[in-house]
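# Per-entry structural report
Take a look at the letters that make up each chain.
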Amino acid sequence: GDKVKQSPSALSLQEGTNSALRCNFSIAATTVQWFLQNPRGSLMNLFYLVPGTKENGRLKSAFDSKESYSTLHIRDAQLEDSGTYFCAAEGESNYQLIWGSGTKLIIKP
Amino acid sequence: EAGVTQSPRYAVLQEGQAVSFWCDPISGHDTLYWYQQPRDQGPQLLVYFRDEAVIDNSQLPSDRFSAVRPKGTNSTLKIQSAKQGDTATYLCASSFPGATQYFGPGTRLLVL
């Protein structure tokens, strides 16, 4: 099965609303990274997390290593937030990232 | 500070042709990754380096793919005899060990 499972796979929101994306891990994740791939294909790093939370503007992310999940909250969604959000976890043995399959987010005006 | 650069940005090949992709990582990053991203899927690691050494190439199709990073800076990924199934975006990323990965813009490959 998937070692990093993302949900939902797709989401459509009105501008100005809030959303929550989730990753569940079946591996012993030590760190988590969240990325946004915009419609042009560029991958941008949003967060690098050890267990705990981080906040950056309208984005907030949490990583709970004991319960094996991570979340990404988007507040007051804007059109430019559209794209595919990936989470990726690093295991205990090396620096490889294991990627989820992504959440495709569409923000509508 | 310059980001990760890749070239070419696009490539179109017939099956059986060879192609090389080039990556210039962020200055000072000792770890460099090559990923393959098929359409509508997440990135899949092909190979990664620490300086000039290959750390893991277990996902690299060794009969047709090769990757080098001879001086521990720039890297080249080569496909010897492309197949239609190789159609994907090839992404290069760099980082310090165990830190945030920064991605280049990718090379979109179409094999006809």
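Keep in mind it's a predicted model, so treat the numbers as computed, not measured.

With that settled, the discussion passes to the sheet that holds strand E8 (residues 69–74) of chain A. Residue and element names in this part refer to chain A. The sheet built from 5 strands is open, its strands ordered E1-E3-E8-E7-E6 with antiparallel pairing. Every interior strand has two partners, whereas the edge strands, strand E1 (4–7) and strand E6 (52–56), have only one. Recorded for the sheet is a direction-independent mean angle of 15° between the axes of neighbouring strands. Examined bridge by bridge, E6 and strand E7 (residues 59–64) share 5 bridges and lie antiparallel to one another. Bridged to Glu55 within E7 is Lys60.

Contact residues are listed per partner, giving 18 residues for chain B and 16 residues for chain A. Carbon and sulfur atoms supply 52% of the area that chain B and chain A bury against each other, a total of about 1,400 Å² over both sides. In this structure, the connection of chain B to chain A is made through 0 salt bridges. Along the contact surface separating chain B from chain A lie 5 residue pairs in polar contact (both at pLDDT 80 or more). Counting residues per element, the ones that place at least two in the side of chain B that touches chain A are strand E4 (31–37) and strand E5 (44–50) of chain B. Among the residues making up the side of chain B that touches chain A, the classes are represented as 9 nonpolar, 6 polar and 3 charged.

Here the bond from Ser7 of chain A into Pro8 of chain A is cis, since omega is -10°, no more than 30 degrees from zero. Here Pro8 of chain A shows up in the loop between E1 and strand E2 (10–14). Despite not being glycine, Ser68 of chain A shows a phi value in the positive range, around 60°. Residue placement: Ser68 of chain A occurs in the loop between E7 and E8. Looking at Ser68 of chain A, the relative accessible area reads 22%, which means it is partly exposed. In this structure, Asp40 of chain B takes a positive phi of about 60° despite not being glycine. Locating Asp40 of chain B in the fold gives a position in the loop between E4 and E5. A residue is classified by how much of its surface remains accessible, and Asp40 of chain B, at 71% relative accessible area, is exposed.

So, on to the environment of Thr84 of chain A. Looking at the secondary structure, you find Thr84 of chain A in strand E9 (residues 83–90). Along the sequence, Thr84 of chain A and Met44 of chain A sit 40 residues apart, while their C-alpha atoms lie 11 Å from each other.

So, about the sheet that holds strand E8 (residues 75–79) of chain B. Residues and elements named next belong to chain B. Here 4 strands make up an open sheet; going across it, the order is E1-E3-E8-E7 and the pairing antiparallel. Where the open sheet ends on each side, the last strands, each with one partner, are strand E1 (5–7) and strand E7 (65–68). This sheet shows a mean twist of 15° between the axes of neighbouring strands, independent of strand direction. In this structure, E1 lies alongside strand E3 (residues 19–24), joined through 3 bridges in antiparallel fashion.

Reading the values: the criteria
Per chain, the residues get numbers from 1 upward, laid out in the order the sequence is written. Chains and ligands are labelled sequentially in the order written, the chains with letters from A and the ligands with numbers from 1. Only residues with pLDDT of at least 70 are given local features in this predicted model, and only at 80 or more are side-chain atom pairs given and counted; all residues enter the totals for whole chains, interfaces and linings. Excluding hydrogens and water, the side-chain values take into account all heavy atoms of the structure. DSSP calls a pair of strands paired once it identifies at least 2 bridges connecting them. Segments assigned H or I by DSSP are reported as helices when at least four residues long, segments assigned E as strands when at least two residues long, and all are numbered from the N terminus. For helices, the fitted line uses only the C-alpha atoms of the stretch in contact; every axis is such a line through C-alpha atoms, and the angle between N-to-C directions lies from 0 to 180 degrees. Between two residues, a contact is recorded if the distance between any of their heavy atoms is within 4.5 Å. In this description, buried area is defined as the sum, over both parts, of the accessible area (probe of 1.4 Å) that is lost when the two are combined. In what follows, salt bridge is the name for a side-chain nitrogen of Lys or Arg lying within 4 Å of a carboxyl oxygen of Asp or Glu. A 3.5 Å cut-off defines polar contacts: any pair of N or O atoms within that distance qualifies, except that in protein one atom must be a possible hydrogen donor and the other a possible acceptor, and neighbouring residues in sequence count only when both atoms are side-chain atoms. Note that Gly is not counted as nonpolar here; it falls among the polar residues with everything else outside the nonpolar set of Ala, Val, Leu, Ile, Met, Phe, Trp, Tyr, Cys and Pro and the charged set of Asp, Glu, Lys and Arg. Burial classes follow relative accessibility: with a 1.4 Å probe on protein chains only, a residue under 20% of its type's maximum area counts as buried, one over 50% as exposed, and anything between as partly exposed.

Geometry only, nothing functional implied.
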